[in-house]
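Residue-level listing of the chains:
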Amino acid sequence: QEHAIEQAVIMLRQLLGSSEASETESLWLAGDGVDAIVELPPYRFLLEWKRSGAAAPVVAAADQLRRFADHRPGDSIPLIAVPYMGDVGKERCRAACIGWLDLSGNASISATGLKIHVEGKPNRFKSRGRPSNAFAPCPIPRISPSSIPTDLPGSRDGISPLSVSHPAACSR
């Protein structure tokens with residue numbers, strides 16, 4: 001998580017037009033209601049990292065940031081950071097009036113004197129294939145006539161006893 005937060009700070013710095021850390025920049029890993037407090041003068045960001053931009057984690061992060069910001073004096077900017085923010089997460093952030101950025105390079109951050117809006121960059125963290133799910137059906141067993149040997153013991157007249165194989169990942 002610390003590495004992801006550091007990557008989010010680098011992305012934030014780039015969005016603000018600064019490529020290198022300055023002497024006045026600071027990062028505190030808060031762990032007390034918010035993941036990090038990031039000072040990039042003249043701005044202070046309250047950063048909450050989530051591993052997913054899905055609705056539930058985004059709503060939870062928005063609630064957490066709002067509670068934390070209510071007890072912090074000053075003009076801190078609440079910000080949710082994720083690997084990739086999908087459309088539902090973007091809408092939840094917009095409804096909660098909370099800024100967001102993703103590590104794919106997209107962002108929407110609005111505050112007094114600050115307006116950043118970058119969209120359209122592809123998901124750099126897209127996983128291939130079907131999502132892992134314990135309840136997903138196993139692939140259909142494959143039977144290939146060319147792979148059925150006809151010279152096995154028990155075969156009659158060139159016809160072998162039929163055997164069905166299941167993919168190893170779904171062996172029962």
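See the structure shown above.
Along each chain, residue indices are assigned from 1 in the same order as the chain's sequence is written. Since the coordinates come from a predicted model, pLDDT governs what is reported: local features require at least 70, and pairs of side-chain atoms require 80 or more to be given and counted, while whole-chain, interface and lining totals use all residues. As a rule here, side-chain values come from all non-hydrogen atoms in the structure, and water together with hydrogens is ignored.

Section: the packing of helix α2 (residues 55-70) against helix α3 (residues 87-96)
Each pair of packed helices gets described by two things: the angle between the helix axes and the distance between those axes. Here, axes are lines fitted to C-alpha atoms. For helices the fit covers the stretch in contact, and angles between N-to-C directions go from 0 to 180 degrees. Each helix corresponds to a stretch of at least 4 residues labelled H or I by DSSP, and each strand to a stretch of at least 2 residues labelled E; elements are numbered beginning at the N terminus. Between α2 and α3, whose axes approach to 9 Å, the crossing angle comes to 25°. Here α2 is positioned roughly parallel relative to α3, judged by the angle of their axes. Note on packing geometry: the crossing formed by α2 with α3 is right-handed. Between α2 and α3, the residues in contact are Ala-55, Val-58, Val-59, Ala-62 and Arg-66 and Val-88, Gly-89, Arg-92, Cys-93 and Ala-96, respectively. Each residue gets one of three labels, nonpolar for Ala, Val, Leu, Ile, Met, Phe, Trp, Tyr, Cys and Pro, charged for Asp, Glu, Lys and Arg, and polar for the others, Gly among them. Class assignment for the residues of the contact of α2 with α3 results in seven nonpolar, one polar and two charged. An angle below 35 degrees is read as roughly parallel, one above 145 as roughly antiparallel, one from 65 to 115 as roughly perpendicular, and any other as oblique. In a left-handed crossing the near helix is turned counterclockwise from the far helix by less than a right angle, and in a right-handed crossing that turn is clockwise. Any pair of residues with heavy atoms lying within 4.5 Å of one another is described as a contacting pair.

What to know about the packing of aromatic side chains
Here is the rule: rings of Phe, Tyr and Trp (six-membered ring for Trp) pair when centre to centre is within 6.5 Å. Planes less than 30 degrees apart are stacked, more than 60 are edge-to-face, and the remainder are tilted. All told, the structure shown has one aromatic pair when counted by the stated rule. Arranged with centres 6.2 Å apart and planes meeting at 50°, the rings of Tyr-43 and Phe-45 form a pair that is tilted. Classification of Tyr-43 as buried rests on a relative accessible area of 18%. Three labels apply to residues, based on accessible area from a 1.4 Å probe with only protein chains included: buried if under 20% of the type maximum, exposed if over 50%, partly exposed otherwise in between. Taking relative accessible area as the criterion, Phe-45 reaches 0% and is therefore assigned buried.

Some details on the environment of Thr-112
Note that Thr-112 resides in the loop between β6 (107-111) and β7 (114-118). It is 8.8 Å that separates the C-alpha atoms of Thr-112 and Asp-75, two residues lying 37 residues apart in sequence.

Some points on the pairing of strand β3 (residues 43-49)
The element β3 is largely enclosed, with a buried count of six among its seven residues. As judged from the five bridges shared by strand β2 (residues 36-40) and β3, these two strands associate in the antiparallel manner. From the neighbouring strand, Ala-36 faces β3, where its bridge partner is Leu-47. When DSSP finds two or more bridges between two strands, those strands count as paired. With antiparallel pairing between neighbouring strands as the criterion, β2 and β3 make up a hairpin whose turn holds two residues. Note that β3 and strand β4 (residues 76-82) share six bridges and pair parallel. Bridged to Leu-46 within β4 is Pro-78.

Comments concerning α2
Helix span, expected: 1.5 Å multiplied by one less than the number of residues in the helix. Here α2 is 16 residues long and its end C-alpha atoms lie 22 Å apart, about the 22 Å a rise of 1.5 Å per residue gives. By the burial criterion, the buried members of α2 are Val-58, Ala-61, Ala-62, Leu-65 and Phe-68. Down the axis of α2, the buried side of the element spans an arc of 135°, and every buried residue falls inside it. In this structure, α2 carries Ala-56, Arg-67 and Asp-70 as exposed residues pointing more than 90 degrees from its buried face. Where the residues of α2 are buried, they touch β2, β3, β4 and α3. Arc definition: it is the arc formed by the directions from the helix axis to the C-beta atoms.

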